[in-house]
Amino acid sequence: MKEKFSFWLLPETKAMVEENYSKDCCQNQSEFVEKAIRFYSGYINATRYSEYLPKTLSAILEGSLGQFGDRIGRLLFKTAVEQGICNHLLAADSDLDYDTLDKLRAKVVNDVKRTNGQITFKEALKFQKEL
């Protein structure tokens, strides 16, 4: 249950409350002041308990990043399977020798480094048609 309190504010501070309470979607100025006090109290406690906050943030980030890493890992696995299927299909229908494959691999490694992996099918087709 809320209680009513009286306190003094500088005119500039009151003007800040009047100007900003609606920007924060507060229904009234009291709600804004209460949120501001809670925020500032949290800030003070965070600096006082600096050992606690990094551990808490670390645990939250590890959980979130762990889930993200698991998801990326599953997506990379699926992509690798699809790429493997494409490789087998191309190898079954290709008369490419090992020496040419090694030269192509070296060219593609250089292209990937040069373009940061932004190689398009159109560029590869153009190169192959020029051979």
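Up top you'll find the structure we're talking about.
Residues numbered from 1 in each chain as written. Predicted model: local features only at pLDDT ≥ 70, side-chain atom pairs only at ≥ 80, totals over all residues. Heavy atoms only, no water.

1. A closer look at the packing of aromatic side chains
Cut-off, in case you're wondering: To pair, rings of Phe, Tyr and Trp, with the six-membered ring standing in for Trp, must have centres within 6.5 Å; the planes then decide the type, stacked if under 30 degrees apart, edge-to-face if over 60, and tilted in the middle. Helix numbers and strand numbers start at the N terminus; a helix is a DSSP run of H or I with at least 4 residues, a strand a run of E with at least 2. We call a charge positioned over a ring when the NZ of a Lys or the CZ of an Arg lies within 6 Å of the ring centre and within 35 degrees of the ring normal.
The final tally for this structure, using the stated rule, is 1 aromatic pair. Their ring planes at 25° and their centres at 6.0 Å tell us that Y40 and Y43 sit as a pair that is stacked. Highlighted residues: Y40 and Y43, both in helix α2 (residues 29-48), separated by 3 residues, approximately one helical turn. Stacked on the ring of F127, the Lys or Arg K107 has its end atom at 4.3 Å from the ring centre.

2. Observations regarding a nonpolar patch on the surface
Heads up, the rule is: Patch building starts from residues that exceed 30% relative accessible area and form no salt bridge, then joins like charges within 9 Å and nonpolar side chains (Val, Leu, Ile, Met, Phe, Trp, Tyr) within 5 Å. The protein chains shown are the only cover counted for residues, whose accessible areas, like all others here, come from Shrake-Rupley with a 1.4 Å probe. In the sections that follow, a salt bridge refers to a side-chain nitrogen of Lys or Arg positioned within 4 Å of a carboxyl oxygen of Asp or Glu. Burial here depends on accessible area, computed with a 1.4 Å probe over protein chains only, as a share of the maximum for the residue type. Under 20% is buried, over 50% is exposed, and the range in between is partly exposed.
Together, L57, L61, L65, F68, I72, L75 and L76 make up a nonpolar patch on the protein surface, roughly 680 Å² of accessible area in all. Take L76: it is sitting in helix α3 (residues 52-92). Here L76 falls in the exposed class, since its relative accessible area comes to 55%.

3. Side note on the environment of L65
With respect to the helices, strands and loops of the structure, L65 is situated in helix α3. With 61 residues separating them along the chain, L65 and K126 place their C-alpha atoms 40 Å apart.

4. Examining the state of the cysteines
Cut-off, in case you're wondering: Two cysteine sulfur atoms make up a disulfide if the distance between them is within 2.5 Å.
Applying the stated rule across the entire model yields 0 disulfides. In this structure C25 is a free cysteine whose sulfur lies 7.6 Å from that of C26, the closest cysteine sulfur available.

5. Quick look at the environment of F77
Mapping F77 onto the fold places it in helix α3. Note: C-alpha distance between F77 and V112 (35 residues apart in sequence) is 20 Å.

6. Notes on unusual backbone geometry
The phi dihedral of C25 falls on the positive side, at around 60°, and the residue is not glycine. Summarising the element assignment, C25 is placed in the loop between α1 (11-20) and α2.

Note that all results are geometric; they support no functional claim without further evidence.
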